Amino acid sequence: TQLRANSSNAERQVVNGVCERDGIRQIARILKRSEVEEMWAFLPQQCQWHEIGREEKSEATRSVVRVDMDYLAGLMAANADIHLFHFHPARYFECAARADCPRRARAGRAVPDKRWITDLVYSMPSPSDVLFMMKVTSRFHRSHHPHGAIVHKVVTPYGVVDYGLTAEGLARYDSERNGRSQGIYIPMVMASALDDDSVEKVVKENPRSISAAVPRLARSLNTKFLRVEHTPHPAMTP
């Protein structure tokens, strides 16, 4: 009944009886101590979590996790409602786990702490996360359209971000995925929105606290092709 980051390729974790809210709480605890990322496919009808991450590795500036696509394809074929979760380990954040980094802007300071930039970028799905989401979403909808629903979420120390393609975004990706561009336009737009200058602009508009800047950054990533929504951790919700 407990999720964990499993770096062994010799076994697969399947957890029963943990519904989404409690699963997110568990992931929020895991990311505080885990050196590697993990990914799960959550089946909401069964309250069941399937580990789909493989070859998890921890590097100096990023964590690498591959996805068992054959196993995921089997789950998608058998389930019309599926949620994919992963997390970003706390150790990559500058402020989330360090007491010397202020969570709120200091009085009289015109520019918030520069370390907020790193935390804000890691609190969002990365461009590679978005590219993976697009590939999986397209594959899922080719099998289940119009009856299926697939959701992608990333859990960080600052909450949960739900991200996905709009109908127009899915149509654009499907029209480009087999072409020369291989559908990378939307992730490129995302990368531009997460460069230091763009994120610093968002920070300056929300100088009072980093927790206020996170949902603002999520809203700034919404386009006609991409939908991004931030919510606090369940434990923080009244």
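Cut-offs and rules
- Residues numbered from 1 in each chain as written.
- Predicted model: local features only at pLDDT ≥ 70, side-chain atom pairs only at ≥ 80, totals over all residues.
- Heavy atoms only, no water.
- Helix = DSSP H or I, 4+ residues; strand = E, 2+ residues; numbered from the N terminus.
- Buried < 20%, exposed > 50% of the residue type's maximum accessible area, 1.4 Å probe, protein only.
- Contact = heavy atoms within 4.5 Å.
- Areas by Shrake-Rupley, 256 points an atom, 1.4 Å probe, with all protein chains shown as cover.
- Lys, Arg positive; Asp, Glu negative; His and termini not counted.
- Charge placed at Lys NZ, Arg CZ, Asp CG, Glu CD.
- Polar contact = N/O pair within 3.5 Å; in protein donor to acceptor, adjacent residues only side chain to side chain.
- Pairing = 2+ DSSP bridges.
- Axes fitted to C-alpha atoms, helices over the stretch in contact; angles between N-to-C directions.
- Core = buried A, V, L, I, M, F, W, Y, C linked by side-chain atoms within 4.5 Å.
- Phe/Tyr/Trp six-rings, centres within 6.5 Å; stacked < 30°, edge-to-face > 60°.
- Arc of directions from axis to C-beta.

Points about the overall build of the protein
Here is step 1 of the chain: Summing up its helical and strand segments, the protein has 8 helices and 9 strands in all.
Here is step 2 of the chain: C-alpha extents for the protein along the principal axes are approximately 55 × 40 × 35 Å.
Here is step 3 of the chain: A burial count over the protein gives 50% of its 238 residues as buried.
Here is step 4 of the chain: Long-range pairs, those at least 24 residues apart, make up 71% of the contacts in the protein with a sequence separation of at least 6.
Here is step 5 of the chain: With an accessible surface of roughly 11,800 Å², the protein has 49% of that area assigned to carbon and sulfur atoms.
Here is step 6 of the chain: For the protein, the distance from the average position of its 33 positive side-chain charges to the average position of its 28 negative side-chain charges is 3 Å.

Describing the side chain of Glu-20
Here is step 1 of the chain: Along the chain, the position of Glu-20 falls in helix 1 (residues 20-33).
Here is step 2 of the chain: By relative accessible area, Glu-20 is classed as buried at 17%.
Here is step 3 of the chain: At 2.7 Å, the side chain of Glu-20 and the side chain of Lys-153 are in polar contact.
Here is step 4 of the chain: When neighbours within four sequence positions are excluded, Glu-20 is seen to be in contact with Phe-42, Trp-49, His-83, Phe-85 and Lys-153.

Concerning the sheet that holds strand 9 (residues 226-231)
Here is step 1 of the chain: If you walk across this open sheet you meet the 7 strands as 1-3-2-6-7-8-9, and the pairing is mixed. Looking along the sheet, the strands with just one partner apiece sit at the ends: strand 1 (14-16) and strand 9. Across the sheet, the axes of successive neighbouring strands diverge by a mean angle of 20°, strand direction being ignored.
Here is step 2 of the chain: The strands that helix 1 touches are strand 2 (39-43), strand 3 (48-51), strand 6 (81-87), strand 7 (149-156) and strand 8 (159-165); relative to strand 6, the one it contacts most, it runs at about 20°.

Examining the side chain of Gln-48
Here is step 1 of the chain: The topology assignment puts Gln-48 in strand 3.
Here is step 2 of the chain: In contact with Gln-48, other than residues within four places in its own chain, are Val-14, Val-15, Asn-16, Val-18, Ala-41, Phe-42 and Leu-43.

Considerations on the nonpolar core
Here is step 1 of the chain: Formed by 33 residues in total, the largest nonpolar core has its most connected members in Leu-120, Met-124 and Val-130.
Here is step 2 of the chain: Going through the elements one at a time, helix 3 (115-122), helix 4 (127-144), strand 8, helix 5 (167-176), helix 6 (185-193), helix 7 (196-205), helix 8 (210-220) and strand 9 are the ones with two or more residues in this core.
Here is step 3 of the chain: If one sorts the elements of this core by residue count, helix 8 sits on top with 5 residues.

Structural notes on the packing of aromatic side chains
Remark: the centre distance and the inter-plane angle together describe each pair of aromatic rings, the angle taken between the planes.
Here is step 1 of the chain: The tally for this structure, following the rule as stated, stands at 9 aromatic pairs.
Here is step 2 of the chain: A ring pair is formed by Phe-42 and Trp-49, whose centres lie 4.4 Å apart and whose planes are at 35°; its orientation type is tilted. Accessibility assignment for this pair places Phe-42 and Trp-49 in one class, buried.
Here is step 3 of the chain: Here the aromatic rings of Trp-49 and Phe-85 are separated by 5.1 Å at their centres, their planes lie at 50°, and the arrangement is tilted. Residue Trp-49 is located in strand 3, and its partner Phe-85 is located in strand 6; the two are separated by 36 residues in the primary sequence. By the burial criterion, Trp-49 is buried, and Phe-85 matches it.

Some remarks on the pairing of strand 2
Here is step 1 of the chain: With 5 of 5 residues buried, strand 2 lies mostly within the body of the structure.
Here is step 2 of the chain: Side chains Met-39, Ala-41 and Leu-43 project from strand 2 onto one buried face, and the interleaved Trp-40 and Phe-42 project onto a second face that is buried too.
Here is step 3 of the chain: The pairing of strand 2 with strand 6 spans 4 bridges and is antiparallel. Within strand 6, the position partnered with Trp-40 by the bridge is Phe-85.

A word on helix 2 (residues 69-78)
Here is step 1 of the chain: Among the residues of helix 2, Leu-72, Ala-73, Leu-75 and Met-76 are the ones counted as buried. Down the axis of helix 2, the buried set is contained in an arc of 160°. They therefore lie on one face. In helix 2, the exposed positions angled more than 90 degrees off the buried face are occupied by Asp-70, Ala-77 and Ala-78.
Here is step 2 of the chain: Looking at the buried side of helix 2, the elements it contacts are strand 2, strand 3, strand 5 (63-67), strand 6, helix 4 and strand 7.

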